[in-house]
Amino acid sequence: GRELVLNMASKVVRGWFTPSGAYTVTLLVDGSEGPSMQLKAPSRPTGGKCDTTPSEAKEMVDDIVCACAGWSSDELPLSYSVSVAGGGWSAPSFQGAMKILLLEGVFPISGRVTDAAGGEAETPSQTVTVVPAVSSA
C-alpha cells in the first residue's frame, strides 16, 4: 500500500495550519468521504522577547548580549539562536543569553526561539553600534 505523511515538523506543512488549531483531516476516496481523524496543530513559542544590550559597544572588547526570556510552548525544551545583520543563525543554545563580539559597524541583531517540534518565533531586530576600542598608547 501507499502511505501519506503530513510531517508537522516541516515548515511548509506547518504553514498550512494555525498554531494550536484543531483540525479534522478526512480522506476522500473516489469522491466519497472515507476515514477521518482529529489533530491539533503544534504550537510555536509565544509570550517572550529577546533584548540586545548594550546599544553601543567597543569592538572586540564589550560583550553584546542577546537575552531571550519569558517564552513558552507546548513542545519543550526551547532553544535559542541569534542572527547579526540578517546573516545566518547561530547554532542553537539552550541558554537564553547569547554573547557576541563584533568589529566596528552598525548591526541589526535578532533572536529566534525554536521549540522541540520545530515551531519558531523570530523577534524584531535591535540595532547595536560598535565603536573602535580606544588605544591606551
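This text gives an overview of the structure that appears in the document.

Thresholds applied
- Residues numbered from 1 in each chain as written.
- Predicted model: local features only at pLDDT ≥ 70, side-chain atom pairs only at ≥ 80, totals over all residues.
- Heavy atoms only, no water.
- Pairing = 2+ DSSP bridges.
- Helix = DSSP H or I, 4+ residues; strand = E, 2+ residues; numbered from the N terminus.
- Axes fitted to C-alpha atoms, helices over the stretch in contact; angles between N-to-C directions.
- Buried < 20%, exposed > 50% of the residue type's maximum accessible area, 1.4 Å probe, protein only.
- Phe/Tyr/Trp six-rings, centres within 6.5 Å; stacked < 30°, edge-to-face > 60°.
- Salt bridge = Lys/Arg side-chain N within 4 Å of Asp/Glu carboxyl O.
- Disulfide = S-S within 2.5 Å.
- Core = buried A, V, L, I, M, F, W, Y, C linked by side-chain atoms within 4.5 Å.
- Contact = heavy atoms within 4.5 Å.
- 1 Å grid on protein atoms, 1.4 Å probe; cavity = no way out; pocket = protein on both sides within 12 Å on 5 of 7 lines; lining within 4 Å.
- Points joined across faces, edges and corners; volume = space filled by probe spheres on them.
- Nonpolar A, V, L, I, M, F, W, Y, C, P; charged D, E, K, R; others polar.

Further remarks concern the sheet that holds strand β5 (residues 64–69). Backbone-to-backbone hydrogen bonds join strands into a sheet, with any given pair of strands oriented parallel or antiparallel. An order of β3-β5-β7 is seen for the 3 strands of this open sheet, with the pairing classed as antiparallel. The open sheet has two edge strands with one neighbour each: β3 (49–53) and β7 (97–100). Sheet twist, expressed as the average angle between the axes of neighbouring strands with direction ignored, equals 15°. Summarising the sheet, β3 and β5 pair through 5 bridges and their orientation is antiparallel. Each residue of the ladder has a partner; that of C50, found in β5, is C68.

Looking now at the side chain of T114. Its location among the elements puts T114 in strand β8 (residues 105–114). Judged by relative accessible area, T114 falls into the buried class, the value being 16%.

With the rule as written, the count across this model stands at 1 aromatic pair. The interplanar angle of 80° and the centroid separation of 4.8 Å between the aromatic rings of F17 and Y23 together place this pair among those described as edge-to-face. Since its relative accessible area comes to 14%, F17 is described here as buried. Its relative accessible area of 24% is what places Y23 among the partly exposed residues.

Below, the discussion takes up the pattern of salt bridges. The final tally for this structure, using the stated rule, is 4 salt bridges. A salt bridge links K49 to D51; its shortest N-O distance comes to 3.4 Å. Note that E120 is salt-bridged to R112, the shortest N-O span being 3.8 Å. Here E120 falls in the partly exposed class, since its relative accessible area comes to 25%.

This part covers the state of the cysteines. By the definition in use, this model includes 1 disulfide. Between the sulfur atoms of C50 and its disulfide mate C68 the distance is 2.0 Å. Residues C50 and C68 share a disulfide whose torsion about the S-S bond is about 110°; that sign makes it right-handed. With C50 in strand β3 and C68 in strand β5, this residue pair connects regions lying 18 residues apart in the sequence. The exposure classification of C50 matches that of C68, with both residues buried. Counting only cysteine sulfurs, C68 is the nearest neighbor of C66, a cysteine outside any disulfide, at a range of 4.4 Å.

In this section: the nonpolar core. Membership of the largest hydrophobic core comes to 18 residues, with the highest contact counts inside it found for I64, C66, C68, W71, Y80, L102 and I109. Put simply, the parts of the chain that give this core at least two residues each are β5, β6 (79–84), β7, β8 and β10 (126–131). Here Y80 is in contact with C68, W71, A91, P92, S93, F94, Q95, G96, M98, R112 and V113, once residues within four sequence places are set aside.

Moving on: the layout of surface pockets. What the largest pocket holds in volume is close to 260 Å³. Lining the largest pocket, in full, are L4, V5, L6, V25, T26, L27, P35, S36, M37 and L39. For the lining of the largest pocket, the secondary-structure elements that each account for two or more residues are β1 (22–29) and β2 (32–40). In terms of residues, the lining of the largest pocket owes the most to one element, β2, which gives 4 residues. For the lining of the largest pocket, a count of residues per class yields 8 nonpolar, 2 polar and no charged. Roughly 180 Å³ of volume is contained in the second largest pocket.

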